[in-house]
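Each chain, written out:
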Amino acid sequence: MEKIYLDYNASTPLADEVIKTMKPFLRKGFGNPSSTHWSGLESKEAIEKARAKLAAMLQCSPEEIIFTSGGSESNNLAIRGITAKYDKGHIITSEIEHPAVLNVCRHFESQGFEVSYIPVDNKGILKLEELRKEIRSDTRLITIMMANNEIGTIQPISEICKIAHKHDIPVHTDAAQAAGKIKISIPELDIELLSLAGHKMYAPKGIGALYIKSGLELKPLLYGADHEKGLRPGTENVLEIVGLGAAAKVFREKADHFIEHQKKIKSVFLKELKSNLKTIHLNGHPDKCLPNTLNIRFPGIDADTLLPRMPEIAASAGAACHADRPGDEW
């Protein structure tokens, strides 16, 4: 049987356009981007072009984009960058966040901060009234994922920002699963911080980015030279930054077609499943969901038993970051 890959929320392959754009940089662009000679300037130009492409996808200024090693680093920089400015305080997050958010929040709990974990409803949507109740005078940050990596439910980030801004609280969203799958407009969200990861949007692993609203100050995770405005020291990964920029450009130019194509495939697949199986349940919201994500449950059938019987199909029973305990959240 032909192998079938159905685990795109865990990681995507490189898009053809991304490979094509990156290939020349296996040989050129080797100069240090901080160097002032021709080779360094060539690398620096490639980085800034990629930054502009990513900014165009998010509809923000290129100066508001910081390149990182991926979603986890971006989340850490966003959350720790805000909360490290205070000796104590309060953070609001949700119960269904990625470990790169939850574990950072737990770290700050051990340092004397208090954290509120907001529940979601049976469709995976954050309970906004619960969030409103948890806001305090010492709430330093609200961090809520844009789209869940297991069930694909899309959170009302714009509404969360409106609630937060009434209390002058900055908002961060982990958009690693959403970027490159749905359109994201920074102006429409009116958000302060947004994380994304290259390998979720047809770019390489090991590269990501953090949007930081102009004027917002963060404390860096690491200290070194003045790379990425001093927030991310270390010589930039030119090759993978170029790849991330290419992936952003591809999505921006083909977003409408890509989204509709994904929705169609998802609809056909679900229809076929329902027509061939008597009992099937959809997890997550039927409409407010990523176009590529389908989380289904077969009553009475254990995922750990089912998946090994289909070795040719690459699918997940839960998030890759929870592979040791698949499916226990839903």
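K.L.:
Sorry if this is basic, but what is going on with the pattern of salt bridges here?
P.N.:
Between side chains of opposite charge, a pair can form as their charged atoms come close. On inspection of all chains with the given rule, the structure shows 15 salt bridges. The partner of Asp138 in a salt bridge is Arg136, and the shortest N-O contact between them spans 2.9 Å. In this structure Asp138 comes out as partly exposed when scored by relative accessible area, which is 22%. Salt bridges sharing common partners tie together Lys44, Glu48, Arg51 and Glu228.

K.L.:
What am I meant to see in the confidence of the model for the chain here?
P.N.:
The predicted coordinates ought not to be read in detail in places where the model reports low pLDDT. When pLDDT is averaged along the chain, the result is 93; 96% of the residues meet or exceed 70. Long-range and interchain partners of residues 323-330, a stretch whose pLDDT sits below 50, account for 14 contacts in this model, where long-range means more than four residues apart.

K.L.:
Help me out: how do you make sense of the pairing of strand β3 (residues 90-94) in this one?
P.N.:
Looking along a regular strand, one sees the side chains alternate between the two faces of the sheet. In terms of burial, β3 is largely enclosed, as five of its five residues are buried. Burial along β3 is two-sided: His90, Ile92 and Ser94 and Ile91 and Thr93, pointing in opposite directions, are all buried. As judged from the five bridges shared by β3 and strand β4 (residues 114-118), these two strands associate in the parallel manner. Across the sheet, residue His90 finds its bridge partner in β4, namely Glu114.

K.L.:
Quick question: what am I supposed to make of the sheet that holds strand β6 (residues 171-174) here?
P.N.:
Sheets are built from strands that pair by backbone hydrogen bonding, the pairs being arranged parallel or antiparallel. With respect to topology, seven strands assemble into an open sheet ordered β2-β8-β7-β6-β5-β3-β4, the strand pairing being mixed. Either end of the sheet is taken by a strand with one partner, and the two such strands are β2 (65-68) and β4. Neighbour-to-neighbour, the strand axes of the sheet open up by a mean angle of 20 degrees, direction not taken into account. Direction of pairing for strand β7 (residues 193-197) relative to strand β8 (residues 208-212): antiparallel, over a ladder of five bridges. Considered in β8, the bridge of Leu193 is made with Ile212. The strands that helix α3 (residues 71-83) touches are β2, β3, β5 (139-143), β6, β7 and β8; relative to β7, the one it contacts most, it runs at about 160 degrees.

K.L.:
Is there a simple way to explain the nonpolar core in this structure?
P.N.:
If you look at soluble globular proteins, the nonpolar side chains tend to sit buried side by side. One finds Leu54, Leu58, Ile184, Leu194 and Leu196 to be the most contacted residues of the largest nonpolar core, which totals 59 residues. A total of eleven residues in this core trace back to one element, the largest contributor, which is helix α8 (residues 238-276). Ile66, Val104, Leu141 and Leu210 belong to the second-largest nonpolar core, a separate cluster that totals 18 residues.

K.L.:
Could you clarify how one ought to interpret the packing of aromatic side chains in this entry?
P.N.:
We describe a pair of aromatic rings using the distance from one ring centre to the other and the angle between the two ring planes. Taken as a whole and judged by the stated rule, the model has five aromatic pairs. Relative to Phe258, the ring of Tyr202 has its centre 6.1 Å away and its plane inclined at 85 degrees; by these criteria the two rings are edge-to-face. Placement of the pair is Tyr202 in the loop between β7 and β8 and Phe258 in helix α8, with a sequence separation of 56 residues. Taken as a pair, Tyr202 and Phe258 share a single burial class, namely buried. Three or more aromatic residues link up through ring pairs in this structure, and these residues are Tyr5, Tyr8, Tyr202, Phe251 and Phe258.

K.L.:
Whenever I open this one, a nonpolar patch on the surface confuses me. Can you help?
P.N.:
Taken together, the side chains of Met1, Ile4, Leu6 and Phe269 present a nonpolar region at the surface, about 420 Å² in accessible area. Here Met1 is to be found in the segment before β1 (4-5). A relative accessible area of 70% places Met1 in the exposed class.

K.L.:
Just to check I follow, could you spell out helix α4 (residues 99-110) for this structure?
P.N.:
One full turn of an α-helix is made of 3.6 residues, so residues set three or four places apart face in the same direction. Over its twelve residues, α4 runs 16 Å from end to end, which matches the ideal 16 Å to within 8%, given 1.5 Å per residue. Within α4 the residues assigned to the buried category are Pro99, Ala100, Val101, Leu102, Val104, Cys105 and Phe108. Where the residues of α4 are buried, they touch α3, β3, β4, β5 and β6. One or two steps after α4, the chain reaches Gly112, where phi turns positive at roughly 105 degrees.

K.L.:
For this particular structure, what's the right way to read unusual backbone geometry?
P.N.:
Outside of glycine, negative phi angles account for most residues, and trans bonds account for most peptide bonds. In this structure, Gln59 takes a positive phi of about 60 degrees despite not being glycine. Positionally, Gln59 belongs in the loop between α2 (38-58) and β2. In this model, Lys229 sits at a positive phi of 60 degrees, which is unusual for a non-glycine residue. Relative to the assigned elements, Lys229 resides in the loop between β8 and α8. In this structure Lys229 comes out as exposed when scored by relative accessible area, which is 56%.

What counts, and at which threshold
Residues numbered from 1 in each chain as written. Predicted model: local features only at pLDDT ≥ 70, side-chain atom pairs only at ≥ 80, totals over all residues. Heavy atoms only, no water. Salt bridge = Lys/Arg side-chain N within 4 Å of Asp/Glu carboxyl O. Buried < 20%, exposed > 50% of the residue type's maximum accessible area, 1.4 Å probe, protein only. pLDDT = per-residue confidence, 0-100. Contact = heavy atoms within 4.5 Å. Helix = DSSP H or I, 4+ residues; strand = E, 2+ residues; numbered from the N terminus. Pairing = 2+ DSSP bridges. Axes fitted to C-alpha atoms, helices over the stretch in contact; angles between N-to-C directions. Core = buried A, V, L, I, M, F, W, Y, C linked by side-chain atoms within 4.5 Å. Phe/Tyr/Trp six-rings, centres within 6.5 Å; stacked < 30°, edge-to-face > 60°. Patch = residues over 30% accessible without salt bridge, like charges linked within 9 Å, V, L, I, M, F, W, Y side chains within 5 Å. Areas by Shrake-Rupley, 256 points an atom, 1.4 Å probe, with all protein chains shown as cover. Expected span 1.5 Å × (residues − 1).

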